[in-house]
Every structure is written in C-alpha cells, then in structure tokens.
Amino acid sequence: MSNSLTQLALKKFKKKRSGLFSFWYIVLCGIIAIFAYLFAPDDSSNANQMHLEIHSKKPGFTVQMLVIPSQEVSKRSFFSELFFGKDNTNTEIPISNYKITQSHLEITPYSDEGIQQLVKTYPLTNFKNKPKEYITTQKFILGTDKYGRDLLSRMLIGTRISFFIGFVAVFISLVIGITIGSIAGYFGGKIDAFIMWLINITWSIPTLLLVIAITLALGKGFWQVFVAVGLTMWVEVARVVRGQIMTTKEQQYVEAARALGFSNIRIIFRHILPNIMAPIIVISAANFAAAILIESGLSFLGIGAQPPIPSWGAMIKDHYSYIILGKAYLAIIPGVAIMSLVMAFMLIGNALRDALDVRS
C-alpha cells in the first residue's frame, strides 16, 4: 500500500463521518442545481407558474388542475428546456369540479373562502375532444407561496443561485487573492507594505456594505451579485497565501530553484503554491459558506437575484411576515435550506483541515 500524503489525507477524511456526509450532501445539491428542471414538478422557466387562487397553501395540498393548451409552439431546444425550463405557453386553472357535456367542458374555478365562483365553459375542440386528459390532480409537496407557485420547484431551482455563487465567488477570490498574496509574500519590501495597506483598507470596510456598493455600481442582476461577492472575499485568501509564502520561500528547494535560474513566476506557481494548497482549500470551503450567506442577505434586501429568478434569500423576504400569520413554513423551509448548505461547507472545511494537517 502506498503511504503518500494524499492517500493518508484521504484516509483521515473518510474517517470523519460529518465531513463525508457533508461531501455527499454537497454533491447532491450540485446535481440538483444542474438538473433542477428535471426534478422540479413545475418545469416552466423559473418555476413561475402562478395560481393566485391557491396561494399560501400548506405542504401536501392537493387540487385538480385544468391545463388549457396553447397554440404557440415552444422554440426552445431539448437542452435549453433541460437547463433553463420550458416556456409558459399553456394556461393552468385550479378547479373545484367539472362537467362534460356533448360540446363543452364546464368547470368551477377553485375557491376555499366560500365564494361562489362563476361556471366557465370551454369547447371540447380546445382539448381535442378528450378533456379528461387535460385535467390532472396536482400535489404540492411543500405547499405554495404567496403567488400560488409550487414551493418545492422554487426551492430546487433556487439551489442554483446559492450553489453557483459559491463557485464563482470562490474562483474570483482565489484568482485575485493568490496573485496578490503571492506577490506580497514572495517579494516583500515596499510591495508587501503597499499590498498590506490595501488589504487592511479593504478589510476595514464591512463586507455586506462593500458588496452592496459594488452591486449598485455594477447594477442589479444575476452575474453582478456573483462578481460583487467574489470581489470582497479575496482579502482572506491573500493574507493566508502571503503568510504561507513568507514561510515557505526560505525552504531549501526554493533556494535550489533560484540557483538553477528559474524565473520568479515559475518558482511561485510551480514550486511554492502546490506545497501550500492545504490552507487555501480549507479557506475556500469557508468562503463557499460565506458567499451563500452574503447572497441570501443581498436577496433579502432586494439587491440580489431579481424576480422571477428563485432565490432562497428572496423567498424569506417574501414570506417572513407570514410567520405571525400561522404559515411560518413559507420562511422556515428556505431558511433551513440555507442553514443546511452552509453547515455542510463548514463541516467539510473542518474535516479537510484535520485531514490535511501533517502534524496529526
């Protein structure tokens, strides 16, 4: 059996059940984020099919739904529908009961407030003379939101925002932080003093305030939030990389690389950085969790992902007032989702820290 450091670290990581469970939970969230429309009951774009008649229903609510086919033909390809959902071409109407005559379909729209609804009629030709095929029973496993949209579908598609913002923000922070931290730690002197001054200035600004300022400068939107969060998280990476390089650059293999005439860029990226990746990986896992929390806060404030794009933070914003109305689950469900994903990244970060610690 090989006793390489990588295999030893992997063995130690597998012994951490919390870290291993968190890893598979994150993998599951990643699969859901990519193929969200494949799992969502409402596979329309952004799961934005509204039914105001059945708003704010409890989990497990069931209703009959009449689907009125549209004459429009969807122009989206198979892969476009798989990753971005279908066009909302058909009309869905919740109904209480229906009656089929020789030439028409008579329906009574759904109402749970004791209000007598007017009976509506539709020609059977609208349903190819097979109206029963267009009447289905829909079950909303997590209930509906205040607009009558399927909460489960919104939650599944909302995983994309929380999950992908971690990747984009951490990638941006790693590119900037590793570059700046490497320059400061390797060259030292006035360059290090200037970069540390810049880091301290950025560090002194409250993170959320800085993100809000960058978001307002770039504009509201999906990608603007990703970039804004990434531009505020490079400081921690830069400080860690600087400290590690200041310690490592005095090692004998670095002196040997200089003696062989290797360039500074090659020494940094080919010899030093591969040997200090352990703390960078650990801080990246923590930054994943921080990015998810920051995005949720921005969406709660209304400057994150804009409607109708589903976001867990925006769901809490839309429904936090329902907590005192006896429907707290509308805000608790996305809150639990945020908490569980953040905890998973924190636990996997702790497990990686212990596994990559050469002293243990």
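One can find the structure itself at the top, above this paragraph.
Residues numbered from 1 in each chain as written. Predicted model: local features only at pLDDT ≥ 70, side-chain atom pairs only at ≥ 80, totals over all residues. Heavy atoms only, no water.

**Describing the overall build of the protein chain**
At step 1: Scanning the protein chain from N- to C-terminus turns up 14 helices and five strands.
At step 2: By the compact-globule yardstick of 21 Å for 360 residues, the protein chain is too spread out, its C-alpha radius of gyration being 27 Å.
At step 3: Its C-alpha atoms give the protein chain principal-axis dimensions of roughly 95 × 50 × 40 Å.
At step 4: Out of the 360 residues belonging to the protein chain, those deemed buried represent 43%.
At step 5: Looking at the protein chain alone, contacts between residues at least 24 apart form 71% of all its contacts between residues at least 6 apart.
At step 6: With the model as given, the accessible surface of the protein chain reaches about 19400 Å², and the carbon-plus-sulfur share is 63%.
At step 7: Each charge class in the protein chain can be summarised by its mean position, and for the 33 positive and 21 negative side chains these summaries are 8 Å apart. (Helix = DSSP H or I, 4+ residues; strand = E, 2+ residues; numbered from the N terminus. Rg over C-alpha atoms; globule rule 2.2 N^0.38 Å. Buried < 20%, exposed > 50% of the residue type's maximum accessible area, 1.4 Å probe, protein only. Contact = heavy atoms within 4.5 Å. Areas by Shrake-Rupley, 256 points an atom, 1.4 Å probe, with all protein chains shown as cover. Lys, Arg positive; Asp, Glu negative; His and termini not counted. Charge placed at Lys NZ, Arg CZ, Asp CG, Glu CD.)

**A closer look at the pattern of salt bridges**
At step 1: Inspection of every chain in the model, using the stated rule, returns six salt bridges.
At step 2: Ionic pairing is found between aspartate 192 and arginine 242, a salt bridge with its closest N-O pair at 2.6 Å. Residue aspartate 192 is found in helix H6 (residues 189–204), and its partner arginine 242 is found in helix H9 (residues 234–248); the two are separated by 50 residues along the sequence.
At step 3: Since its relative accessible area comes to 10%, aspartate 192 is described here as buried.
At step 4: Arginine 258 is the salt-bridge partner of glutamate 255, the closest N and O atoms lying 3.0 Å from each other. On the criterion of helical spacing, the pair formed by glutamate 255 and arginine 258 is a turn pair, its members being three residues apart in helix H10 (residues 252–259).
At step 5: The partly exposed category is assigned to glutamate 255, whose relative accessible area is 37%.
At step 6: Overlapping salt bridges bring together Lys16, Arg353 and Asp354 as one network. (Salt bridge = Lys/Arg side-chain N within 4 Å of Asp/Glu carboxyl O.)

**Digging into the side chain of threonine 248**
At step 1: Its location among the elements puts threonine 248 in helix H9.
At step 2: Apart from the residues lying within four places of it in its own chain, the contact partners of threonine 248 are Tyr253, Val254, Ile272 and Ile276.

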